Every structure is written in C-alpha cells, then in structure tokens.
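The primary structure of each chain is shown beneath.
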Amino acid sequence: MFKKILIANRGEIALRIIRACKEMGIRTVAAHSTADNDSLAVRMADQAVCIGPGEATKSYLKISSLISAAEVTNCDAVHPGYGFLSENAGFAEVCGECNITFIGPTPEAMRLMGNKSVARDTAVKASVPVVPGSDGPLEKDADAVRFASEIGYPVILKASAGGGGRGMRIVNEEADLLNALKVVQAEAGAAFGDKTIYMEKYVTNPRHVEVQIMGDKHGNAVHLFERDCSIQRRHQKLIEEAPSGALDQALRDRMTTAAISLVKHINYYSAGTIEFLLDENGKFYFMEMNTRVQVEHPVTEMITDVDIIKEQINIAAGHKLSFAQKDVTMYGHSIECRVNAEDPDTFLPSVGTIKELHLPGGPGVRIDTAVYQGYKIPQYYDSLIAKVVVHSPTRIDSIHRMRRALGEFHVDGIKTTVPLLLRIMGSEEFVSGKISTRFIEDFLKNNATPQ
Ligand code: ADP
C-alpha cells in the first residue's frame, strides 16, 4: 500500500481524499496555491506544499510544480480528485515516468475517453447505443448540412475536446446551422485549443442518467447502479439522486450491462462514470465517460455503502476490488444538493468572507464541504461551497429530509443557492419525479422569485 499520497486538488474533494487516507493509515500532502494557504486541506493533511499563486494555470494545473511537490515530500502516489488535471493523460503519464502512481486509469484509457468523438466511436465498437449523429468529426460544411437533414432537427453541435457543459450548441433549423458551426468552432478553438466538432441528434426532454463503475487491474469490473443528474442549469448539475426514478429493474439491467461492456472493451480500471441520455420512450444513448471520481459520488456511496475513494486507492495499489457484483446491493434513496456561492436569482458568483456558518446535521445527513466561519472564498475557483447529501428509505422521505437539512443551512456574509434549492425541493414538479434536463429552465420561468 502507498505510504504517502499527494492531493493534487483543493476544496471539499481534497478533504474527502484526506479523510479516506487517514482511515487507511496513509499519510497525505496537500498541494495548494497561495490563495488556499488558510484552507482546511492544508490544516488537515499531514504536510502541505505551496505550488504557486492563485490562478489555477500557475498552481493546480502546473504539472511540473505538482511533480516537484510529490518528489520533495516522498509521495508514492497522487490523487487528482475531479476537475483540474484529473482527466489529463499527460499528467498521468509524467507521474508514471517519475514512479509516482496516478490514482486513476491508464493514460491510454483517458485519451480514448477524453475526446468525445473518439469515445463515441469506442462505444459503438463495444455495442453500446449512441445518439444518432456524425461518425467522427465534421470536416466540411456540406457534410454538416447533409448529416443534419439525415438525422433530423434539432441537432446539437459539440466540441470533441469539450467538457464541463461548454462547447455545445443546439440548432433547431437548417437556416441556423452554418452560423452555429462557425461559432462553436471558434469557441472550441479558444477554450480547448481544438476546433474539431461533431454532431448529434438533440434528444428532447431527456433525463441524464449515469452509471458508476469500478474496475481493477485484474480484469474485474462492477457497477454501483445509477445516478439521475437531470436537474442542471446550462448543462451543469445542481441536484443529483440515486437511484433514478425513471428506471425499472429491466431498464437498470440493460443500462448497467451496457456500461460494463464498455468498461471491459477498453480494459478500464479505477472509478469511472458512463453518462447516458434516457429519452421519453425509455431508450438510452451513451453520451460520454468520465474517467475520474464525480462531484456527485456521495449519493452512490449512501445507497451502496461502498467507499469509492478508498476503493480507487486500493485499485491503484494493485489490489483486487474488495467486493464482487453480487455483493453490491442498494438501499433507500439519496439526494445531493450542490450549494454554490452564487446569487440564487442571477447566478452571479458571490465572493467574500463567510461571517457566520451553521451547517445541517442530524440523522441521514452528510455534508461535504471545506468552508468554515471566517473563511474567505477565493475568486479563482468554482463556486461550490458545500454538498448537502441525505439518505432515507424512500425518495419522498429524502425530499423531506433535504428540506429539513437545507432549512438548517445558515450562512452569512455571502449569497448562496440554498433558497433556490429549497424552492425546488418544495415544488410539486420535483416531488412528482417527472423531471428532465429542461427542469430548471421551466422551473425558473414558472417560479420567478417573489419580489
Ligand atoms: P460535458 O462533458 O460538457 O458535461 P456532456 O456531453 O456530458 O457535456 O453533456 C452535458 C449535458 O448536455 C447533458 O447532461 C445533457 O443535458 C445535454 N446534452 C448533451 N448531448 C445531448 C443530446 N444529444 N441531446 C440532448 N441533450 C444533450
């Protein structure tokens, strides 16, 4: 087993990893920027190394600084968390060259799945259904026009190198296609350094349902059921739940079987997520694979009792998965709300100092956060300040518990999305369970904040 792990991340996920390591008897080093000098990760890790200034490109994204930090502190492994370098095959490769184990899959698997259009082709080879669309990148305008009329409007243009909900555009009719193509190409070039675009049919009112998988280096692969992440704003998830209310056992079996066949096809190991769109007729399509731990992994941990981070560490150390598929059962229902430091009406980031803080507690409530009273939110990073996760026997019990927990969430000094989350949890629409990726758009239209 590893003796010391470098945490190449920050915020709540850095703490989550430190906690897992502590329970496993592994020492930790927090690699941090100057903006995070006062972070809980720095306080809770056994050691801390400053890797640069606040801007992520000069610290959390700087491979040479991270490797030096691991070397001077004698770390034998690096955990990348999510975001930052977690899906950077180059970083995984350099770690390998320096004899530091990257806690994640192989660089090859990351490359295969990191490019959306290559991932799509790989899914086809593994007999996993994909949304009808262009086979490979769109080379010429004429091809785009032809493909779109073949598959029918609306279509969605996607940057092959895109991610994080960026580099996508829906096109409703042919008249808009060529212009949209130019815009997405320019955006993709600027944001991802790669102008490659492909096209998919735009599935109307789908659910986003994803399957958590884990594989080891001995060829074993299991799934940990699904999560429903349909509650999104601008393609960014806000609320996630497990299991999905849209799946019966037969559909769940088909989706998890498809996910496992993709995992086996690419000999994948570590934790991963296969994202699907589920249409209104119960047909599902592969969208992409994330080759890292997800923000929403706690809902899966709640219903299965598997510690995904510990399992990732064990797998990276060469151990077999600590359980077989038949050992994994799911119990109850779990919901996660992402609390962002944002104005709940305008969604503009709210930076500042947390003057007062009281976090929810009590039965069935888990809070993953790295903020505290007196904490100053740095301007450089994403706006997530806490994940409120609940677990109860049924979905409606979980909704009641979430309302109770969010009601206890008290923060002063900054604005948060708690009021919006509470309104969603209190709404008929959410309770009914008839949700799709359009939910937030419709909800905000129909439920303007009372002035
Ligand atoms: P990212 O990697 O940026 O997260 P994804 O490919 O995972 O992008 O897509 C993000 C979201 O965009 C999905 O959860 C879904 O809501 C929407 N989306 C993507 N592709 C389609 C499609 N073909 N039809 C309808 N919605 C889509």
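How each quantity is defined
Residues numbered from 1 in each chain as written. Predicted model: local features only at pLDDT ≥ 70, side-chain atom pairs only at ≥ 80, totals over all residues. Heavy atoms only, no water. Domains from an automatic or database assignment. Near = heavy atom within 4 Å. Polar contact = N/O pair within 3.5 Å; in protein donor to acceptor, adjacent residues only side chain to side chain. Areas by Shrake-Rupley, 256 points an atom, 1.4 Å probe, with all protein chains shown as cover. Helix = DSSP H or I, 4+ residues; strand = E, 2+ residues; numbered from the N terminus. Nonpolar A, V, L, I, M, F, W, Y, C, P; charged D, E, K, R; others polar. Core = buried A, V, L, I, M, F, W, Y, C linked by side-chain atoms within 4.5 Å. Buried < 20%, exposed > 50% of the residue type's maximum accessible area, 1.4 Å probe, protein only. 1 Å grid on protein atoms, 1.4 Å probe; cavity = no way out; pocket = protein on both sides within 12 Å on 5 of 7 lines; lining within 4 Å. Points joined across faces, edges and corners; volume = space filled by probe spheres on them. Phe/Tyr/Trp six-rings, centres within 6.5 Å; stacked < 30°, edge-to-face > 60°. Lys NZ or Arg CZ within 6 Å of the ring centre and 35° of its normal. Salt bridge = Lys/Arg side-chain N within 4 Å of Asp/Glu carboxyl O.

Trainee: Got a minute to help me understand the domain arrangement of the protein in this structure?
Mentor: Along its sequence, the protein is carved into domain 1 (4-103), domain 2 (132-201) and domain 3 (207-446). Each of domain 1 and domain 2 has a C-alpha centre, and the two are 36 Å apart.

Trainee: Looking at this structure, how should I read the site of the ligand?
Mentor: As a structural note, the neighbourhood of the ligand is formed by 20 residues, with K158, G165, V203, H208 and E288 the closest of them. For the ligand, an oxygen atom lies 2.7 Å from a polar atom in the side chain of H208. For the ligand, an oxygen atom lies 2.8 Å from a polar atom in the side chain of E288. Here the ligand loses 96% of its free accessible area of 560 Å² to cover by the protein chains. Counting only elements with at least two residues in the shell around the ligand, the list comes to β6 (155-163), β7 (166-171), β8 (197-201), β12 (270-278) and β13 (284-290). Of the residues contributing to the shell around the ligand, the split by class is six nonpolar, seven polar and seven charged. Residue contributions to the shell around the ligand reach at least three from each of two domains, namely domain 2 (132-201) and domain 3 (207-446).

Trainee: For this particular structure, what's the right way to read the nonpolar core?
Mentor: Within soluble globular proteins, side chains that are nonpolar generally end up buried alongside one another. Within the largest apolar cluster, 74 residues are counted, with the highest numbers of intra-cluster contacts made by I5, I239, M425 and F430. Looking at which element gives the most residues to this core, the answer is helix α1 (residues 11-24), with seven residues. Per-domain counts for this core show at least three residues from each of domain 1 (4-103) and domain 3 (207-446). If you look at the next biggest cluster of nonpolar residues, it comprises 27 residues, including L247, A258, V263 and F284.

Trainee: Sorry if this is basic, but what is going on with empty space enclosed by the protein here?
Mentor: Over the atoms, a rolled probe matching the size of one water molecule traces out where space is still vacant. A full pass over the atoms with the stated rule returns one cavity of 30 Å³ or more. For the largest cavity, the calculated volume is near 80 Å³. Those elements that place two or more of their residues in the lining of the largest cavity are β2 (27-33) and α2 (40-44). Take the lining of the largest cavity: its biggest share by element is three residues, from β2. Residues belonging to the lining of the largest cavity are distributed by class as follows: seven nonpolar, four polar and two charged.

Trainee: Would you explain the packing of aromatic side chains in this entry?
Mentor: The full count for this structure, using the stated rule, is nine aromatic pairs. Consider the rings of F84 and Y381, whose centres lie 6.3 Å apart with planes at 80°: the pair is edge-to-face. Here Y381 lies in the loop between β16 (365-369) and β17 (384-392) and F84 lies in the loop between β4 (77-79) and α4 (89-97), a separation of 297 residues in the sequence. A residue is classified by how much of its surface remains accessible, and F84, at 28% relative accessible area, is partly exposed. Given the relative accessible area of 12%, Y381 is considered buried. The interplanar angle of 80° and the centroid separation of 6.3 Å between the aromatic rings of F430 and F439 together place this pair among those described as edge-to-face. Judged on exposure class, the residue F430 and its partner F439 are both buried. Among the aromatic side chains, those forming a connected cluster through ring pairs are Y60, F84, Y380 and Y381. Geometry around F430 places R395 over its ring, the cationic atom sitting 4.5 Å from the centre.

Trainee: Whenever I open this one, the pattern of salt bridges confuses me. Can you help?
Mentor: Pairing of side chains with opposite charge becomes possible as their charged atoms draw close. If you walk through the whole model with that rule in mind, you get 28 salt bridges. The residue R120 makes a salt bridge to E200 at a minimum N-O spacing of 3.7 Å. With R120 in helix α6 (residues 116-125) and E200 in strand β8, this residue pair connects regions lying 80 residues apart in the sequence. Neither residue differs from the other here; R120 and E200 are each classed as buried. In this structure, the salt-bridge partner of R207 is D228, at a minimum N-O distance of 2.6 Å. Of this pair, R207 sits in strand β9 (residues 207-215) while D228 sits in strand β10 (residues 221-233), placing them 21 residues apart in sequence. Take R207 and D228: they sit in the same class, and that class is buried.

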